[in-house]
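# Chains, contacts and geometry: an overview
The primary structure of each chain is shown beneath.
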Amino acid sequence: MSHRALHLAARPDGTPKDSDFEMHVSESAALAEGQIRVAVKFLSIDPAMRVWMSEQKSYWPPVGLGEVMRSAGIGEIVESRNEKFPVGAWVSGMTGAQDELVSDGKGMQRFDASRLPHPGWALSVFGATGLTAYFGLLEIGAAKAGEVVVISAASGAVGSAAVQIARNLGCRVIGIAGGPQKCAYVKDELGADAVIDYKNEKVSEKLRGYCPDGIDVYFDNVGGEILDAVLKRLRLKARIVLCGGISQYNAGSDVRGPVNYLSLISARARMEGFVIIDYLHRSAEALAVMAPWAQAGKLGSKLDIVHGLDHFAEALRRLYDGKNFGKQLVKI
Ligand SMILES: NC(=O)c1ccc[n+]([C@@H]2O[C@H](COP(=O)([O-])OP(=O)(O)OC[C@H]3O[C@@H](n4cnc5c(N)ncnc54)[C@H](OP(=O)(O)O)[C@@H]3O)[C@@H](O)[C@H]2O)c1
């Protein structure tokens with residue numbers, strides 16, 4: 001049996017290119033006692049991969065040149081010398097961008113794929129993506145019923161979960177997304193009260209109209225100009241959840257910081273970053289709330305699947321071009 005793995009070949013300059021990766025093919029290794037072999041089925045494609053590929057200081061060390069590209073994934077156990085992980089079980093974890101993983105099971109979580117509408121939900125709404133939306137809104141944003149919550153990249157993986165969770169909490173939700181098709185999805189299918197098409201409308205003007213008394217919580221996935229537009233409309237004691245800044249990830253040393261940050265002073269507001277890895281030990285608590293919402297049809301996930309490990313870089317670029325519509329996965 002052969003093993004295909006995508007290695008980081010170069011640090012990207014701007015948007016990641018195909019040539020930043022190199023495919024390595026080798027013989028599959030034999031298992032030692034306690035090990036499992038996972039046939040990786042789906043990879044989670046995440047905007048932060050661009051950060052992991054660079055030398056930038058982050059919550060995880062950079063992926064080394066020549067190393068297998070870091071990626072979360074799910075797969076099925078096809079060979080086992082570990083009684084806790086039988087053949088046929090599905091697992092999720094940091095599999096790396098490869099078609100098989102040999103592991104001692106540390107960091108791997110078993111899940112029942114047959115209870116999900118699609119196994120990919122373990123990487124989207126019931127994985128780190130959904131947990132990011134949940135803990136970001138509740139712990140950092142402290143969102144409460146009746147409050148005005150604005151969410152950027154609202155049709156995306158984290159954003160779409162955040163819109164639905166905020167609706168389920170009883171908040172008034174304004175989504176921001178690019179283009180009429182994504183905006184219609186955010187309003188008609190996810191249930192946002194209003195939506196702003198940042199590619200075709202003036203965000204500050206629309207925010208003034210939709211939030212005449214200001215914004216209580218802003219769930220920021222994008223940074224840049226949209227963050228600045230929101231900063232001008234904060235309500236007293238507003239909370240800005242710094243989840244991500246995708247508009248700036250390919251900017252290298254030209255990252256644009258917020259110009260209107262002084263509004264935080266007059267609004268006595270708080271802007272706080274967070275990383276989901278600090279909350280993973282509390283997954284069960286979040287899933288106990290989210291699973292009944294999903295069963296009641298009040299929390300779902302759209303998947304956007306690119307086929308083949310060879311198309312990993314292309315799948316990653318889709319995030320920065322806004323071509324993905326839902327959680328971006330690569331099927332192996
Ligand atoms: N803090 C954490 O622990 C954590 C965990 C997971 C993810 N995140 C962050 O959450 C954010 C969303 O991640 P995701 O996985 O859910 O991706 P996603 O939203 O599914 O995909 C990225 C979306 O970003 C939007 N976008 C791209 N360039 C943009 C720009 N210049 N201005 C405005 N919007 C832009 C695009 O939507 P449009 O077509 O609408 O432009 C695109 O579809 C990212 O910033 C990510 O880094 C943080």
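An account of the accompanying structure is given in this report.

## Looking at the overall build of the protein chain
- When its secondary structure is counted, the protein chain shows nine helices and 15 strands.
- Here the C-alpha radius of gyration of the protein chain, 20 Å, is about what a compact globule of 332 residues would show, namely 20 Å.
- Overall, the C-alpha framework of the protein chain stretches about 65 × 45 × 35 Å when taken along its three principal axes.
- The burial tally for the protein chain puts 53% of its 332 residues in the buried class.
- For the protein chain, the proportion of contacts with a sequence separation of at least 24, taken over those separated by at least 6, is 65%.
- By element, 50% of the accessible surface of the protein chain is carried by carbon and sulfur atoms, the whole surface being about 14900 Å².
- Taken together, the 38 basic and 37 acidic charged side chains of the protein chain have centroids lying 6 Å from each other.

## Regarding the nonpolar core
- In this structure, Leu-137, Val-149, Ile-151, Ile-165, Val-186 and Met-290 are the most contacted members of the largest nonpolar core, which totals 49 residues.
- Mapped by element, the contributors of at least two residues to this core are helix 2 (128-140), strand 8 (148-151), helix 3 (157-169), strand 9 (172-177), helix 4 (180-189), strand 11 (215-220) and helix 8 (283-295).
- Both of domain 1 (2-124 + 301-331) and domain 2 (128-277) provide at least three residues apiece to this core.
- Excluding anything up to four places from it in sequence, Leu-137 contacts Ala-142, Ala-143, Val-149, Ala-162, Ile-165, Ala-166, Val-217 and Phe-219.
- Residues Phe-21, Ile-77, Val-306 and Val-330 belong to the second largest nonpolar core, which totals 30 residues.

## With respect to the site of the ligand
- Close contacts around the ligand come from 26 residues, with Val-158, Lys-182, Tyr-198, Ile-276 and Asn-324 the closest.
- Residue Ala-157 places a main-chain N or O atom 2.8 Å away from an oxygen atom belonging to the ligand.
- Lys-182 is positioned with one of its side-chain polar atoms (N or O) 2.6 Å from an oxygen atom of the ligand.
- For the ligand, whose unbound accessible area comes to 910 Å², protein coverage reaches 90%.
- The set of elements that each furnish at least two residues to the shell around the ligand consists of helix 3 and helix 9 (312-321).
- Of the residues contributing to the shell around the ligand, the split by class is 15 nonpolar, 10 polar and one charged.
- Per-domain counts for the shell around the ligand show at least three residues from each of domain 1 (2-124 + 301-331) and domain 2 (128-277).

## Considering unusual backbone geometry
- The residue Ala-153 is not glycine, and still its phi comes out positive at about 45°.
- What makes Ala-153 partly exposed here is its relative accessible area of 33%.
- We note that Arg-268 has phi near 50°; this positive angle belongs to a residue other than glycine.
- Position of Arg-268 among the secondary structure elements: in the loop between helix 7 (263-266) and strand 13 (270-273).
- Here Arg-268 falls in the exposed class, since its relative accessible area comes to 56%.

## Focus on the sheet that holds strand 12 (residues 234-242)
- Spatially, 10-9-8-11-12-13 is the arrangement adopted by the six strands of the open sheet, whose pairing is parallel. Each edge of the open sheet carries a strand with a single partner, namely strand 10 (194-197) and strand 13. Across the sheet, the mean angle from the axis of one strand to that of its neighbour is 15°, orientation sign disregarded.
- Here three bridges tie strand 8 to strand 11, and the two strands are oriented parallel to one another. Along strand 11, the bridge assignment pairs Val-150 with Tyr-218.
- Sheet strands touched by helix 2: strand 8, strand 11, strand 12 and strand 13. Its angle to strand 11, the strand with the most contacts, is close to 150°.
- Relative to the sheet, helix 5 (residues 203-210) contacts strand 8, strand 9, strand 10 and strand 11, its axis offset from that of strand 10 by approximately 170°.

## Points about the environment of Gln-98
- Following the sequence through the fold, Gln-98 ends up in the loop between strand 5 (90-93) and strand 6 (100-103).
- Residue Gln-98 is classed as buried on the basis of its relative accessible area of 9%.
- As for Gln-98 and Arg-70, which are separated by 28 residues in sequence, their C-alpha atoms are 9.5 Å apart.
- Here Thr-95 takes part through its backbone oxygen, which lies 2.7 Å from a polar atom of the side chain of Gln-98.

## With respect to the packing of aromatic side chains
- In total, this model carries nine aromatic pairs according to the counting rule given.
- Chaining the aromatic ring pairs together yields one cluster made of Tyr-134, Phe-135, Phe-274 and Tyr-279.
- Over the aromatic face of Trp-52 sits the side chain of Arg-70, whose NZ or CZ is 5.4 Å from the ring centroid.
- Taking the ring centre of Phe-325 as reference, the NZ or CZ of Lys-302 above it sits at 4.5 Å.

Conventions and cut-offs
- Residues numbered from 1 in each chain as written.
- Predicted model: local features only at pLDDT ≥ 70, side-chain atom pairs only at ≥ 80, totals over all residues.
- Heavy atoms only, no water.
- Helix = DSSP H or I, 4+ residues; strand = E, 2+ residues; numbered from the N terminus.
- Rg over C-alpha atoms; globule rule 2.2 N^0.38 Å.
- Buried < 20%, exposed > 50% of the residue type's maximum accessible area, 1.4 Å probe, protein only.
- Contact = heavy atoms within 4.5 Å.
- Areas by Shrake-Rupley, 256 points an atom, 1.4 Å probe, with all protein chains shown as cover.
- Lys, Arg positive; Asp, Glu negative; His and termini not counted.
- Charge placed at Lys NZ, Arg CZ, Asp CG, Glu CD.
- Core = buried A, V, L, I, M, F, W, Y, C linked by side-chain atoms within 4.5 Å.
- Domains from an automatic or database assignment.
- Near = heavy atom within 4 Å.
- Polar contact = N/O pair within 3.5 Å; in protein donor to acceptor, adjacent residues only side chain to side chain.
- Nonpolar A, V, L, I, M, F, W, Y, C, P; charged D, E, K, R; others polar.
- Pairing = 2+ DSSP bridges.
- Axes fitted to C-alpha atoms, helices over the stretch in contact; angles between N-to-C directions.
- Phe/Tyr/Trp six-rings, centres within 6.5 Å; stacked < 30°, edge-to-face > 60°.
- Lys NZ or Arg CZ within 6 Å of the ring centre and 35° of its normal.

Nothing here speaks to function; it is all geometry.
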